Amino acid sequence: LIDLLGAGWIFWIGAGTGWRFIRNAEITGLEKIALAEAAGLGILSLLILGLSWAGIFYPPVVILLLILLTLFGSIPLLRGIVRVARTPRPGMRIAGGFSVFLGLFLALSLLLSLGTALCPPVAWDALIYHLQIPEQIVAAHSLSFPGDSIFREMPQAAEMLGGEGIRLSAFG
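A short tour of the structure in this document, coming up. (Residues numbered from 1 in each chain as written. Predicted model: local features only at pLDDT ≥ 70, side-chain atom pairs only at ≥ 80, totals over all residues. Heavy atoms only, no water.)

As for the overall build of the chain
Looking only at helices and strands, one finds 7 helices and 0 strands in the chain. For the chain, the sequential pattern of α-helices and β-strands runs α-α-α-α-α-α-α. By residue count, 32% of the 172 residues in the chain fall in the buried class. When contacts within the chain are restricted to residue pairs at least 6 apart in sequence, those whose partners lie at least 24 apart make up 68%. (Helix = DSSP H or I, 4+ residues; strand = E, 2+ residues; numbered from the N terminus. Buried < 20%, exposed > 50% of the residue type's maximum accessible area, 1.4 Å probe, protein only. Contact = heavy atoms within 4.5 Å.)

What about the packing of helix α1 (residues 2-22) against helix α3 (residues 59-86)?
Two elements in contact, α1 and α3, have axes separated by 7 Å at closest approach and are oriented at 65°. By the criterion of interaxial angle, the relationship of α1 to α3 is roughly perpendicular. The hand of the α1/α3 crossing is left-handed. (Axes fitted to C-alpha atoms, helices over the stretch in contact; angles between N-to-C directions. Parallel < 35°, antiparallel > 145°, perpendicular 65-115°, else oblique. Left-handed = near helix turned anticlockwise from the far one by under 90°.)

A few points about the side chain of Lys 32
One can find Lys 32 in helix α2 (residues 29-54). In this structure the side chain of Lys 32 is engaged in a polar contact, spanning 3.4 Å, whose partner is the backbone oxygen of Ala 25. In contact with Lys 32, not counting residues within four places along its chain, are Trp 19, Ile 22, Arg 23, Ala 25 and Ile 27. (Polar contact = N/O pair within 3.5 Å; in protein donor to acceptor, adjacent residues only side chain to side chain.)

Thoughts on the nonpolar core
Leu 44, Ile 48, Leu 51, Phe 57, Ile 137 and Met 160 are the most contacted members of the largest nonpolar core, which has 19 residues in total. Among the elements of the structure, α1, α2, α3, α6 (132-140) and α7 (157-171) are those that each provide at least two residues to this core. Considering each element in turn, this core owes the most residues, 5 residues, to α2. Non-local contacts of Ile 48, meaning those with residues more than four positions away in its chain, are made with Phe 57, Leu 65, Met 160 and Glu 164. (Core = buried A, V, L, I, M, F, W, Y, C linked by side-chain atoms within 4.5 Å.)

Notes on a positive patch on the surface
A surface patch of positive charge is lined by Arg 20, Arg 23, Arg 79 and Arg 83. Considering the arrangement of structural elements, one finds Arg 83 in helix α3. For Arg 83, a relative accessible area of 51% gives the class exposed. (Patch = residues over 30% accessible without salt bridge, like charges linked within 9 Å, V, L, I, M, F, W, Y side chains within 5 Å. Areas by Shrake-Rupley, 256 points an atom, 1.4 Å probe, with all protein chains shown as cover. Salt bridge = Lys/Arg side-chain N within 4 Å of Asp/Glu carboxyl O. Lys, Arg positive; Asp, Glu negative; His and termini not counted. Charge placed at Lys NZ, Arg CZ, Asp CG, Glu CD.)

Listed below in structure tokens is the structure:
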């Protein structure tokens, strides 16, 4: 449960940070929220990469960064969500039976996908790269290159966010 709360916090920070940068974009509300989330998670992964390169990827530094980003993005994000919710949508109508079926089908698909996502990883790349490298970064508190993996030289956004999740788990 604590890991899910940590992941939720990271997603909230991503949305809030991204919202600061794209809040004036000329797109619809839900598209703006999705774009803010993607941009914010990208910014967050780059910040974590910077902490790793600097060799200061320690729990207090990560927690301080997350608290500062929460303060930086929460109020504008909440105002934006309220604005999106209050904006009238043209063409809104009562959903028919087929629309209700599609909505329930989508909700069930998302629930089953969540179950799959929470299962232990068994794929080669997950065991060798996607999980191993963030654990090594957390253990070394920096982005060092021991030479045991050719993939180590190109950490990606998912690995940086995974390292942050591992760091939050280790802190708790």
